[in-house]
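# Understanding the architecture of this molecule
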Amino acid sequence: MNLNADGFTPKSELDRRIENLRRRLKDSGTDAALMLQNTDLFYFAGTVQQAFLHVPADGEAILMVRKSVERALEESAIERIVSVNSSGEIPDVLLRHGCKAPRILGMELDVLPANLYLGFKRLFEKSEIVDISHTIRLIRSVKSAYETDIIRQAAQFSDRLAGCVKELLCEGATEVELAGKLEAEARKMGHQGTVRMRLWGSELFYGHLMSGAAAATPSYLASPTGGLGVGPAIAQGPSLLPIKRHEPVLVGYCFVY
């Protein structure tokens, strides 16, 4: 087992991931990547602090952090970490570190808000901005031994969580009441509390728990299950309906570790 006790991603793991990205940037003729999305920041830099990660096809990566620099320095094994007040400082920071203005700059255009995209178009007015989200997902899809070890642990926790259902399930309790008890058990095991989805407008809180006819309620979510939820602002997952005898109870939770 090679997972750090503190949960920080080892430098060797980040180096391997960044090198994979560099190789793909070179193959596609892209001069550099600039990433902002939380999951990608964590994958390539080991931190989700508010930051911009610049990875050139040739040269060292630079993590430019708005908040919190102190935590980024503690959490990330990236060697060049600098403080910035806004994205407007990025071109000057890159210039000071010997990075040429990219002819072609790759960004996560599948998730980047339009307002930010237009701002970066102004910042890099001489650069062509292209989408590298598919490249990033391809890199992330191939798991290392470090990652598969963590996935195995998450699977074991998921199995333990499923085993708690029979002890906590009781007639008359509402769906959300049972969900709350299960989610408390998940937190005790180390569940991070957030289930991230890259798809626009899709959010998931632990997973879906539903019973009886409510389990057949469809929802907007790109998911095989929906659920009534506690109201139209959520429109998925457990509801305030009581769990009744002789009705099926569906528990579909995602353990994120």
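These remarks concern the structure in this document. For clarity, every value in this text was computed on a predicted model and none was experimentally measured.

For the rest of this paragraph, the subject is the overall build of the chain. The helix and strand inventory of the chain stands at eight helices and eight strands. Taken along the three principal axes of its C-alpha coordinates, the chain extends 70 × 40 × 35 Å. Here the chain, with 257 residues, has 44% of them falling under the buried criterion. Look at the contacts in the chain between residues 6 or more apart in sequence, and 60% of them connect residues 24 or more apart. Surface accessibility of the chain: about 13900 Å² in total, with carbon and sulfur atoms responsible for 54%.

For the rest of this paragraph, the subject is helix H6 (residues 133-141). All of the buried residues along H6 are Ser133, Ile136 and Ile139. Buried residues of H6, seen end-on, are gathered within an arc of 125 degrees and therefore sit on one face of the element. On its buried face, H6 sits against helix H1 (11-28), strand S1 (32-35), helix H2 (38-45), strand S5 (104-107) and strand S6 (128-131).

In a packed pair of helices, the relevant descriptors are the angle between the two axes and the axis-to-axis distance. Viewed as axis vectors pointing N to C, helix H7 (residues 145-168) and helix H8 (residues 175-189) meet at an angle of 145 degrees, and their least axial separation amounts to 10 Å. In this structure, H7 meets H8 at a crossing whose hand is right-handed. On H8, the residues that touch Phe157, Arg160, Leu161, Cys164, Val165 and Leu168 of H7 are Leu178, Lys181, Leu182, Glu185, Ala186 and Met189. Each residue belonging to the contact of H7 with H8 can be placed in one class, and the counts come to nine nonpolar, no polar and three charged.

A general tendency of soluble globular proteins is for nonpolar side chains to be buried together. Counting residues in each nonpolar core, the largest one holds 23 residues, and the members touching the most others are Leu21, Phe44, Leu53 and Leu63. Elements that contribute at least two residues to this core include exactly H1, S1, H2, strand S2 (50-56), strand S3 (62-67), helix H3 (69-75) and H6. In terms of residues, this core owes the most to one element, H2, which gives four residues. Aside from chain neighbours lying at most four places away, what touches Leu63 is Leu41, Ala45, Thr47, Ala51, Phe52, Leu53, Ala72, Ser76, Ile78, Arg80, Ile81 and Val82. Leu36, Phe52, Val82 and Ile129 belong to the second largest nonpolar core, which has 18 residues in total.

With that settled, the discussion passes to the environment of Arg160. Within the secondary structure layout, Arg160 lies in helix H7. For Arg160 and Met189, which are 29 residues apart along the polypeptide, the C-alpha to C-alpha distance reads 9.1 Å.

Let's shift gears to the sheet that holds S2. Spatially, S4-S3-S2-S1-S5-S6 is the arrangement adopted by the six strands of the open sheet, whose pairing is mixed. Only two strands of the sheet have a single partner each, and these edge strands are strand S4 (80-83) and S6. Neighbouring strand axes in the sheet, compared pairwise and without regard to direction, differ in orientation by 25 degrees on average. Pairing of S2 with S3 involves five bridges; the strand directions are antiparallel. Bridge assignment links His54 to a residue of S3, and that residue is Ile62. Running over the sheet, H1 touches S1 and S2 and is turned about 55 degrees from S2.

Moving on to the pattern of salt bridges. For the structure on display, the rule yields 17 salt bridges. Among the salt bridges present, the one from Glu75 reaches Arg71, with a minimum N-O distance of 2.7 Å. Pair noted here: Glu75 and Arg71 are both in helix H3, with a separation of four residues, about one helical turn. For Glu75, a relative accessible area of 11% corresponds to the buried category. The shortest N-O distance in the salt bridge between Lys181 and Glu177 comes to 3.8 Å. Here Lys181 pairs with Glu177, and both are found in helix H8, just four residues apart, close to one helical turn. With a relative accessible area of 35%, Lys181 lands in the partly exposed category. One salt-bridge network, held together by shared partners, links Asp40, Asp110, Arg137, Arg140 and Arg198.

The rules behind these values
- Residues numbered from 1 in each chain as written.
- Predicted model: local features only at pLDDT ≥ 70, side-chain atom pairs only at ≥ 80, totals over all residues.
- Heavy atoms only, no water.
- Helix = DSSP H or I, 4+ residues; strand = E, 2+ residues; numbered from the N terminus.
- Buried < 20%, exposed > 50% of the residue type's maximum accessible area, 1.4 Å probe, protein only.
- Contact = heavy atoms within 4.5 Å.
- Areas by Shrake-Rupley, 256 points an atom, 1.4 Å probe, with all protein chains shown as cover.
- Arc of directions from axis to C-beta.
- Axes fitted to C-alpha atoms, helices over the stretch in contact; angles between N-to-C directions.
- Left-handed = near helix turned anticlockwise from the far one by under 90°.
- Nonpolar A, V, L, I, M, F, W, Y, C, P; charged D, E, K, R; others polar.
- Core = buried A, V, L, I, M, F, W, Y, C linked by side-chain atoms within 4.5 Å.
- Pairing = 2+ DSSP bridges.
- Salt bridge = Lys/Arg side-chain N within 4 Å of Asp/Glu carboxyl O.

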